[in-house]
Amino acid sequence: MNHLLRKSLLIVFCLFLLGTGAFAQNRTVTGKVTSATDGQPMPGVNVTLKGAPSGANTDADGSYRISIPAGKVTLVFSFIGMLSQEVNVNNRTTINVELAENPTQLNEVVVTGYNSTQKKDILGSITSVSAAKFKDIPIAGFDQALQGQAAGVQVTQSSGTPGGGVAVRIRGNTSISASNRPLFVVDGIPVMDEAVSGRSFGGQNDNTLTFVNPNDIESIQVLKDASAKAIYGSRAANGVVLITTKRGKANSRTTITLDAQRGVVDIIKKVDLLNSSELLQLQREAVINAGQDPDQRGLISGVTDGVNTDWLDAILRRGIYQQYQISATGGNDKTRFYLSGGLRDEEGVQLNNRFTRYSGALNVDHKASQKLTISTNMSLGFTTNDRVKGDNFLDGVYSGAIKSLPYFVPYNEQGKLYTPGDPNYAGFPNFNPVAQAVLPRFRTYGTKILAGVSGQYEIIKNLKLNSKLSLDYNNSEEDQYESSATAIGGFLPAIGGQGYGVYITNTLFTILNSNTLTYLFDLGGKHHFNTMLGTEILQTKNRSSFASGRIFPSDDFTYINSSGVQDAAGSGFAQNGLISGFGEVRYDYMEKYLFTFTSRYDGSSRFGPNRRFGYFPSLSLGWRVSEEPWMKSLEFIQDLKLRGSYGYTGNERIGNFTYLGTWAASTYSGATGVSPNNLNNPLLQWERTREANVGLDVSLWSGRLSVIMEAYDNVTDNLLFNQPLPLTTGFGGFQGNIGSISNRGLELTISTVNIDRSANQGLRWNTDFNISHNQNKVLELVDDQPLFRGYTANGVSATNVILPGQPLGTFWGLKFQGVDVATGDALYEDFNKDGKISPDDAQVIGNAQPLLVGGLTNRVTWGNFDLSVFLQFMYGNKILNFSNVTLLDNGANLENNQVRAALRRWQKPGDVTDVPRYELGNTYNNFHSSRFLEDGSYLRLKNVAVGYNFPSRWLNKVKVRTARLYASAINLWTLTAYSGADPEVSTLDGSTSAQGIDFFTLPQTRNITVGLTIGF
């Protein structure tokens, strides 16, 4: 008995010692997990011992605590959408980790319209652009953020004017007369994206998208094919851009972030013009070649060129850019919020040109019960835009500076501006550009309010009803005054020489109510369904007014109520509506075979009574090949999916009431009455686009390489187009449905993680590359006759043409064949072989559509440093340097300066050159031809950004959570053969048929900015 007792006690003692030894070997590791992108703490991250099924999770501050055994131990940190990270513990007790985004992000939830799904289950063509890709770029509007970031998306900033227009094209031009802009949707609210102001300044419209602060944006989704965008039906033919703004996170403490940016803005390149001596020599030669005496015209060497004014230097400056923002975010298990306020102030490079924006945002989500969630979102934007007249104005500032003769000066001996009435005032067309910049007042006040409230109620498990009411409110007020010291207010006889004032107001708002019912369910664990039904009602109203006055008592009185004559005024009202029903069914079998059917039925007030409704269905199929058993052995393939879609989308973005026969007020012999204004067309109907798309998605080596390939074939028919009529009918045409257009293309997107040693704060280098090709063609019109567009041109009908078999943006003119070495005259092709050069010899000479567009981004992080380099390119497009019709005019007149290319003109027999001889009054050598057409291809270093994240051990001492210092530069360098200042500009902002024209357009600007972001 005693033996057994002693033996038992010995065993218990040994077990106690073993347990004590084992307990003594356990230790605790603590730390914090943050995002490598923005340094924010990450709650909910899984922290496990490698090989163990469970572990710990990070709390709201991103902190964790885990108990581990002794010896060599590896911790695994994982989170959906982020790259998992393994860290060897060794003897450390504190381990802080930064998780980087997974480049494939297959489990990321993507907003696809009125619904959402995991990225790996998407069958449509959708490109995601995260806020991290443009957070350091001082862009004014989110449309600029798309440039070079998404395959198949062509973004062109029409000029360097701050707050100015940006043209966005997704997979080509689908329409001629109707809008080609995509549908922009912010937090479920379709937003008005066209100019609100009543006056465009030389084709450069204001941009309502600049009202939304890009710093409030979380992500952007670009929907490109019918499968992705047919849920928007009637408004989706040009693509859809979904913008999701930032929202608070549950169970996270309140964090406050301050961001300040300040920098300088400068023009990227100046047109190379002649100085006074060079120009005088050229003008004397032109006069002599015309058989006249240049001295008799006042062109005297040593006298006329005694003044040499650089007018571009006189009207341009280095502008100051500054932007400040404060935001707060946080939440608990019931309520989440995001609040921000910001100021952006940018001086334009032209004198008196400035854009200022005050913005604010508030997003709140509240879980009222287990079944009901209420959400609100509000975005406010208030802008002041001090504009100056630009290209395409006879009294434009930049255009006037380029054209003005250097023989004149802006100021007299007393330092006062030369103005009309002064004997030394140049007059038409050389108005004083400096006076035209600083004296007029062209101020536009803008307001945009995006507001919505929604409720989501879970009726039963996975069956949810969502109802939303939203508002998009836009207002502009334009306060304009041109004094008696300006060209219009003091020079134009019809105005009276005593000032001219205009006041324009425009208010446009849209109210939208949408209701959706979604239901997710499984059958047998293998069949997965995601279904949705919805309705939507939209109404838009527009009110406008204007008034003008002239003959002011003095320039101290600048408002219309002080004018002596108020002889023009007007007001207007218009409205339109849309009612819709839509639905979607998503199905997959074991996530291997996927199917989506989407349809929408739209009714629009813009069409005839019997043609108002249109049906827009789409069908898509997918096969995840990587889930097949015979693919499992290829472990390097993470995901391989084939997909295809086919469907229809529509376009109804035309004017209101164009199907009606309307009447307008008219005056005859002092009596007022009404007269026909527009012919009716009760058969007017939807413009429709048939879209087919095939795609391949590949993710290899755990996301180290991702490839997306797309091919599409789209045809738009029933074009909403102004059908021409003989002028003998009293009408030039009527709104009809004629013709068709096709767009075919290829897209390639490649993302790579080239080096990844970020587990120990080492080097990480990843690359994103995209390239796309689109072939646009007009298939048919009402007949084969050319329709001329663009500008009137010398010697031909117009600069552009719409013609079956040719793409939109086709240039029209004579074909230049060089310079006759014997006479110095221009040689043109006699296209019709009639022995003479006439407008009948005009032909297609090129087009503005590029063969390739794309972008390349490299991002490198090393320790606390990060670097981003973004290259954007366009290849194969032509630009019409229409400025050279004036600046390289071969002596047609002596009223304008000339570019340096004029110095290589023909001067004597035997000269071989591409510039004809200069002769005063000779217009033949200046006919519109391919001589003015240039290669518009370019490669641009669009953005370089470098940043430094201050270490936590420094910040903890001053009670700061995160701090980042960064510098950014835009448009640093451009490689191009184009002789003008900028190959990206387009005078006729947003034009479809006359794109790619440079007519005294202000080039892009170079922005160099330094910023600091601090988080508390």
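Caption draft 1: Examining the overall build of the protein more closely. Tallying secondary structure elements over the protein gives nine helices and 51 strands in all. Relative to the 2.2 N^0.38 estimate, which gives 31 Å for 1016 residues, the radius of gyration of the protein is 33 Å and therefore close to what a compact globule would have. Each of the three principal axes of the protein carries a C-alpha extent, and together these read 140 × 65 × 60 Å. For the protein, restricting intrachain contacts to residue pairs at least 6 apart in sequence, the fraction spanning at least 24 positions comes to 70%. Total accessible area on the protein stands at roughly 42800 Å², and carbon and sulfur atoms take up 57% of it. Both charge centroids of the protein, one from 89 positive and one from 88 negative side chains, sit 11 Å from each other.

Caption draft 2: The arrangement of the nonpolar core in detail. In this structure, Tyr398, Ile402 and Ile997 are the most contacted members of the largest nonpolar core, which totals 53 residues. At the level of elements, strand 17 (252–267), helix 3 (276–289), helix 4 (311–315), helix 5 (397–403), helix 6 (433–438) and helix 8 (884–887) are the ones that each hand at least two residues to this core. For this core, the leading source of residues is helix 3, giving five residues. Contacts of Ile402, omitting those with residues within four sequence positions, involve Val271, Leu273, Leu312, Leu887, Asn897 and Phe1000.

Caption draft 3: Spotlight on the environment of Tyr411. Residue placement: Tyr411 occurs in the loop between helix 5 and helix 6. Judged by relative accessible area, Tyr411 falls into the partly exposed class, the value being 39%. Along the chain, Tyr411 and Gln296 lie 115 residues apart, while their C-alpha atoms are 27 Å from each other. The contacts of Tyr411, once residues within four sequence positions are left out, are Lys416, Leu417, Tyr418 and Val434.

Caption draft 4: Summary view of a nonpolar patch on the surface. Together, Ile537, Ile579, Val585, Phe597, Tyr601, Phe613, Tyr615, Leu619 and Leu621 give the surface a local cluster of nonpolar side chains, amounting to about 830 Å² of exposed area. Secondary structure elements with two or more residues in the nonpolar patch: strand 26 (565–589), strand 27 (593–604) and strand 28 (613–624). Sorting elements by how many residues they give to the nonpolar patch places strand 28 first, with four residues. Looking at where Tyr601 falls in the secondary structure, it is placed in strand 27.

Caption draft 5: Main features of the sheet that holds strand 38 (residues 787–789). What the four strands build is an open sheet, ordered 38-39-40-43; its pairing is antiparallel. Since the sheet does not close on itself, it has two edges, and those belong to strand 38 and strand 43 (843–847), each with one partner. Within this sheet the neighbouring strands show an average axis-to-axis angle of 45°, counted without direction. As judged from the three bridges shared by strand 38 and strand 39 (residues 800–802), these two strands associate in the antiparallel manner. Across the sheet, the residue bridging to Arg789 is Asn800, located in strand 39.

Caption draft 6: Layout of the packing of aromatic side chains. Under the defined criterion, the tally for this structure stands at 28 aromatic pairs. Look at Phe431 and Phe491: their rings are 5.2 Å apart centre to centre, the planes differ by 80°, and that puts the pair in the edge-to-face class. Of the two residues, Phe431 sits in the loop between helix 5 and helix 6 while Phe491 sits in the loop between helix 7 (487–490) and strand 24 (500–523), which places them 60 residues apart along the sequence. Using a relative accessible area of 9% as the deciding quantity, one classes Phe431 as buried. On the basis of relative accessible area, Phe491 is assigned to the partly exposed category, the value being 34%. Chaining the aromatic ring pairs together yields one cluster made of Tyr425, Phe428, Phe431 and Phe491.

Caption draft 7: Geometry of the environment of Thr558. Counting through the fold element by element, Thr558 comes out in the loop between strand 25 (527–550) and strand 26. A C-alpha to C-alpha distance of 77 Å links Thr558 and Gly524, two positions 34 residues apart in sequence. Other than its neighbours up to four places away in sequence, Thr558 contacts Arg441, Tyr481 and Phe552. Only 3.2 Å separates the side chain of Thr558 from the side chain of Arg441, close enough to count as a polar contact.

Caption draft 8: Structural view of the side chain of Glu584. Structurally, the position occupied by Glu584 is in strand 26. Separated by 3.2 Å, the side chains of Glu584 and Arg586 make a polar contact. Within the structure, the side chain of Glu584 is placed 3.3 Å from the side chain of Thr598, a separation counted as a polar contact.

Caption draft 9: Structural view of the sheet that holds strand 6 (residues 85–88). The strand order across the open sheet formed by four strands is 3-2-5-6, and the pairing between neighbours is antiparallel. Looking at the sheet topology across the chains shown, the edges are occupied by strand 3 (55–57) and strand 6. This sheet shows a mean twist of 20° between the axes of neighbouring strands, independent of strand direction. Bridge count between strand 2 (residues 46–49) and strand 3: three bridges; the pairing is antiparallel. Following the sheet pairing, Thr48 is matched in strand 3 by Gly55.

Caption draft 10: Region of interest: the pattern of salt bridges. According to the stated counting rule, one finds 49 salt bridges in the structure shown. Residue Arg904 is joined to Asp914 by a salt bridge in which the shortest nitrogen-to-oxygen separation is 2.8 Å. Linking Arg904 in the loop between helix 8 and strand 47 (933–935) with Asp914 in the loop between helix 8 and strand 47, this pair joins segments that are 10 residues apart in sequence. Taking relative accessible area as the criterion, Arg904 reaches 45% and is therefore assigned partly exposed.

Caption draft 11: Quick peek at the side chain of Arg181. Secondary-structure assignment places Arg181 in the loop between strand 12 (166–170) and strand 13 (183–186). Of the polar contacts made by the side chain of Arg181, one reaches the backbone oxygen of Val166; its length is 2.8 Å. The contacts of Arg181, once residues within four sequence positions are left out, are Asp143, Val166, Ala167, Val168, Arg169, Asp193, Glu194, Leu209, Asn238 and Arg653.

Caption draft 12: Local environment of unusual backbone geometry. In this model, Phe428 is joined to Pro429 through a cis peptide bond whose omega is -5°. Note on placement: Pro429 falls in the loop between helix 5 and helix 6. Positive phi outside glycine occurs at Arg171, with the angle close to 55°. Relative to the helices and strands, Arg171 is located in the loop between strand 12 and strand 13.

Caption draft 13: Representation of the confidence of the model for the protein in the model. Looking at the protein as a whole, its pLDDT mean stands at 88, while 95% of the residues score no less than 70. Within the model, the stretch residues 8–24 combines pLDDT values under 50 with zero contacts to residues more than four positions away or in other chains.

Caption draft 14: Here's a closer look at helix 3. With 14 residues, helix 3 should reach 20 Å at 1.5 Å per residue; the first-to-last C-alpha distance of 20 Å fits that figure. Buried residues of helix 3: Ser276, Glu278, Leu279, Leu280, Leu282, Gln283, Glu285, Ala286 and Val287, and no others. With a side-chain oxygen lying 3.2 Å from the backbone nitrogen of Ser277, the N-terminal cap of helix 3 falls on Asn275. Just downstream of helix 3, Gly291 is the residue with a positive phi angle, here 80°.

Caption draft 15: Inspection of the environment of Gly396 at higher detail. Mapped onto the elements, Gly396 comes out in the loop between strand 21 (372–386) and helix 5. For Gly396, a relative accessible area of 3% gives the class buried. Between the C-alpha atom of Gly396 and that of Pro433, which follows or precedes it by 37 residues, the distance is 7.3 Å. In contact with Gly396, other than residues within four places in its own chain, are Lys389 and Gly390.

Caption draft 16: Here's a closer look at the pairing of strand 2. Pairing of strand 2 with strand 5 (residues 74–78), which is carried by four bridges, proceeds in the antiparallel orientation. Following the sheet pairing, Leu49 is matched in strand 5 by Leu75.

Caption draft 17: Geometry of the pairing of strand 46 (residues 878–881). Pairing of strand 46 with strand 47, which is carried by three bridges, proceeds in the antiparallel orientation. When the bridges of strand 47 are listed, Lys878 appears paired with Asp935. When strand 46 meets strand 50 (residues 997–998), the two strands line up parallel, connected through two bridges. Bridging from a neighbouring strand, Asn881 pairs with Asp998 of strand 50.

Parameters at a glance
- Residues numbered from 1 in each chain as written.
- Predicted model: local features only at pLDDT ≥ 70, side-chain atom pairs only at ≥ 80, totals over all residues.
- Heavy atoms only, no water.
- Helix = DSSP H or I, 4+ residues; strand = E, 2+ residues; numbered from the N terminus.
- Rg over C-alpha atoms; globule rule 2.2 N^0.38 Å.
- Contact = heavy atoms within 4.5 Å.
- Areas by Shrake-Rupley, 256 points an atom, 1.4 Å probe, with all protein chains shown as cover.
- Lys, Arg positive; Asp, Glu negative; His and termini not counted.
- Charge placed at Lys NZ, Arg CZ, Asp CG, Glu CD.
- Core = buried A, V, L, I, M, F, W, Y, C linked by side-chain atoms within 4.5 Å.
- Buried < 20%, exposed > 50% of the residue type's maximum accessible area, 1.4 Å probe, protein only.
- Patch = residues over 30% accessible without salt bridge, like charges linked within 9 Å, V, L, I, M, F, W, Y side chains within 5 Å.
- Salt bridge = Lys/Arg side-chain N within 4 Å of Asp/Glu carboxyl O.
- Pairing = 2+ DSSP bridges.
- Axes fitted to C-alpha atoms, helices over the stretch in contact; angles between N-to-C directions.
- Phe/Tyr/Trp six-rings, centres within 6.5 Å; stacked < 30°, edge-to-face > 60°.
- Polar contact = N/O pair within 3.5 Å; in protein donor to acceptor, adjacent residues only side chain to side chain.
- pLDDT = per-residue confidence, 0-100.
- Expected span 1.5 Å × (residues − 1).

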